[in-house]
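Structural overview
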Amino acid sequence: MRLYDSLSQEKKDFVPRDGDRVTMYFCGPTVYNYVHVGNARPYVVSMVAKRYFESLGYSVTLVENITDIDDRIITKGIKEGRPAADVAAEFAQAYRDDTDRLGLGRPDVEPLATEHVQEIIDLIATLVERGHAYQAGPDVYFDVRSSPDYGKLSKQQVAEMRHGARISVGEDKKDPLDFALWKGAKPGEPAWDSPWGSGRPGWHIECSAMSLKYLGAGFDIHGGGRDLIFPHHENEIAQSEGAVGAPYVRFWMHNGMLNLSEQKMSKSVGNILTLRATLDKHRPEALIAVFLASHYRSPMEFGEDVLEEAEQQVDRLKNVFGELADRAAGCAPAAPDAAPGDSETPDAALLDRLGARRHAFMDALADDLNTAAALAEIFGAAREVNAALAAGDLDAGTAARVRAGMLEMVHVLGLDAVAGGDAAIPEDVVCMAEERQECRVARDFARADELRAALAERGYEVRDVPGGFKVVCTR
RNA sequence: GGCGGCAUAGCCAAGUGGUAAGGCGAGGGUCUGCAAAACCCUUAUCCCCCGGUUCGAAUCCGGGUGCCGCCUCCA
């Protein structure tokens, strides 16, 4: 596999540090509110990457933190007259609930910053010992000047950055670029005891502490949104490499930003498009499809129109899986690569072509996780299968094998839902559909159309097929 | 101003030297009582602009233009 690394700015061959185990850390949200749709992109990217690596036979340890101590959390707590910990707990749970709806599973470890204060303190102590950090009043700062290659990830010249940086009142930094590792407690703020007095962790340090704890220095992949490159990831590198004296991360994986077409997200105005609101309106697999349709590193258009489009795509895939399931009915589940039969038959030829598509699918993902190209192979497979179905080819056994092969592909992309059998159709719905069929036979089309409309109202679509009808749930 | 990225059909979007994937939408056809689903056909002589390298560039180089992100604890 080739994977782009934003530190070296090139695609490199990816070989895990630990043999058959892949170690990944992605920056999760700071939980001061409901997460917005943009937060879902790195989440989806990380889960799909995990599935891809697993499909290659690796075991994957994916760590995705939740930052539950932060200025904004404290501010919100004060505003609402409740402890910051309450705010954090509420929105951490909301985050888990919201992302659970995507059906991609949970990261292997989801550490909370407040549960790793000891590790954070130990890390800061090491940095102080090694001359990379200093105490200034109640605070502890990282000494940027002690880190000769500071700026290597963001490609910024330290001298340049100093121009814009500034020391705010109450801070006693040696350099404007120095950043807080530990912040002395102000009255009413949540605080922990430390060698430097009562206080709390600064922003970047928790990710260093937790990634090093769970994955160790030099782990494989560290991901997050591009906007985190500076200062967050730059600072993580400085801290972590300063503390351990070894390279921190092997591949930096940064996803592009969402370009909101309708409504610019403005945090100050508070009109943020939340993940929750998006999933209230659209199926999770549609949102996943939106993310998969563009390369993870590219900025992407996002809005109601692309979501609607993705709904159509999802329906297309659901339809082909539904047809395959019907055709394969009664047939035992099959392996996609079961020994090909007579290669002269149309079925065997189709299986050959689909096998080629599965290879192309994996090749696409092997090239820096090109999900858009991989998804195109699934659509290509769908078209070929539909054509075979329409031609009346495909015996039950072939259908079962085709379905198994396509299932593998959608599973890697986290689109299992498109293959899910629809929930059982309620009996009264079936009765209505049967009555409609009787009306059709009796050529009472007015009544038949009435029943079809009534079914549509209830969320079911009735499709006439040779020799009968079929009821499909449309929501 | 500095750093990084993006710019491909009506829309979304792959493609980084060999002659434009895929999806949505639109138009035509098949099937159907009508639909729906599905299938077939059509929909970029051309990849922001101007130069250059090359037998050959959307793809490489130089220069522009536009948009986005970061440089102020935003994925």
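The structure presented is a predicted model; accordingly, all values stated were derived computationally and were not measured.

Some words on the domain arrangement of chain A
The domain architecture assigned to chain A consists of domain 1 (2-281), domain 2 (327-419) and domain 3 (427-473). Put simply, the middle of domain 1 and the middle of domain 2, counted by C-alpha atoms, are 40 Å apart. Every contact between the two is made by 13 residues of domain 1 and, on the other side, twelve residues of domain 2. When the two sides are added together, the surface that domain 1 and domain 2 hide from each other amounts to roughly 1,000 Å², 61% of it contributed by carbon and sulfur. Scanning the region where domain 1 abuts domain 2 turns up two salt bridges. Salt-bridge contacts for D367 lead to K11; the nearest nitrogen and oxygen are separated by 2.8 Å.

So, the side chain of T23
In this structure, T23 sits in strand β3 (residues 21-26). Exposure remark for T23: the relative accessible area of 0% places this residue in the buried category. Apart from the residues lying within four places of it in its own chain, the contact partners of T23 are R17, D18, T61, L215, F219, D220 and I221.

Examining the protein's contact with RNA strand B
Taken together, the neighbourhood of RNA strand B is formed by 59 residues, with R72, K183, G225, L228 and Q313 sitting nearest. When atoms of RNA strand B within 4 Å of the protein are split into backbone and base, the sugar-phosphate part holds 65%. One of the side-chain N or O atoms of N370 is found 2.8 Å from a sugar or linking oxygen in RNA strand B. Between a base nitrogen of RNA strand B and a side-chain N or O atom of D449, the distance comes to 2.7 Å. Per-element accounting of the surface near RNA strand B gives the leading share, eight residues, to helix α12 (residues 371-391). Split into classes, the residues belonging to the surface near RNA strand B amount to 19 nonpolar, 19 polar and 21 charged.

Remarks on the environment of K470
Among the structural elements, K470 can be located in strand β14 (residues 468-473). Sequence separation between K470 and V430 is 40 residues, and the spatial gap between their C-alpha atoms is 9.4 Å. K470 has contacts with G322, E323, D326, E461, V462, R463 and V465, leaving out every residue within four places of it along the chain. Of note is the side chain of K470, whose polar atom sits 3.0 Å from the side chain of E323.

As for the sheet that holds strand β6 (residues 139-142)
The sheet built from four strands is open, its strands ordered β5-β6-β7-β8 with antiparallel pairing. Each end of this open sheet is capped by a strand with a single partner; those strands are β5 (133-136) and β8 (199-201). With strand direction ignored, the average angle separating the axes of adjacent strands in the sheet is 25°. Bridging between β5 and β6 involves four bridges; their strand directions are antiparallel. From the neighbouring strand, Y134 faces β6, where its bridge partner is Y141. Contacts between helix α4 (residues 117-129) and the sheet are confined to β5, β6, β7 (179-184) and β8, with β7 contributing the most and set at about 120° to the helix.

Things to note about the packing of helix α10 (residues 304-327) against helix α13 (residues 396-412)
For the pair α10 and α13, the least separation of the axes is 8 Å and the interaxial angle reads 145°. Judged by the sense of rotation from one axis to the other, the crossing of α10 with α13 is left-handed. Residues V320, F321, L324, A325 and R327 of α10 form the contact with α13, whose own contacting residues are A396, A399, V402, R403, M406, L407 and V410. In terms of residue class, the contact of α10 with α13 is built from ten nonpolar, no polar and two charged.

Observations concerning the packing of aromatic side chains
Under the criterion given, the structure shown has twelve aromatic pairs. The interplanar angle of 70° and the centroid separation of 6.1 Å between the aromatic rings of F53 and Y58 together place this pair among those described as edge-to-face. Relative accessible area serves as the criterion here: at 2%, F53 is assigned to the buried category. On the accessibility criterion, Y58 (23% relative accessible area) is partly exposed. Relative to Y248, the ring of F219 lies with its centre 5.4 Å away and its plane at 85°, an arrangement referred to as edge-to-face. Of the two residues, F219 is situated in strand β9 (residues 219-225) and Y248 in the loop between α7 (229-244) and β10 (249-255); the sequence distance between them amounts to 29 residues. Using a relative accessible area of 0% as the deciding quantity, one classes F219 as buried. Residue classification places Y248 among the buried residues on the basis of a relative accessible area of 0%. Every member of this aromatic cluster is reached through a ring pair, and the members are F14, Y52, F53, Y58 and F251. Its end group placed over the ring of F251, K12 keeps NZ or CZ at 4.7 Å from the ring centre. Across from the ring centre of Y4, 3.9 Å away, lies the NZ or CZ of R297, which sits over that ring.

Conventions we followed
Residues numbered from 1 in each chain as written. Chains lettered and ligands numbered in written order. Predicted model: local features only at pLDDT ≥ 70, side-chain atom pairs only at ≥ 80, totals over all residues. Heavy atoms only, no water. Domains from an automatic or database assignment. Contact = heavy atoms within 4.5 Å. Buried area = accessible area lost by both parts, 1.4 Å probe. Salt bridge = Lys/Arg side-chain N within 4 Å of Asp/Glu carboxyl O. Helix = DSSP H or I, 4+ residues; strand = E, 2+ residues; numbered from the N terminus. Buried < 20%, exposed > 50% of the residue type's maximum accessible area, 1.4 Å probe, protein only. Near = heavy atom within 4 Å. Polar contact = N/O pair within 3.5 Å; in protein donor to acceptor, adjacent residues only side chain to side chain. Nonpolar A, V, L, I, M, F, W, Y, C, P; charged D, E, K, R; others polar. Pairing = 2+ DSSP bridges. Axes fitted to C-alpha atoms, helices over the stretch in contact; angles between N-to-C directions. Left-handed = near helix turned anticlockwise from the far one by under 90°. Phe/Tyr/Trp six-rings, centres within 6.5 Å; stacked < 30°, edge-to-face > 60°. Lys NZ or Arg CZ within 6 Å of the ring centre and 35° of its normal.

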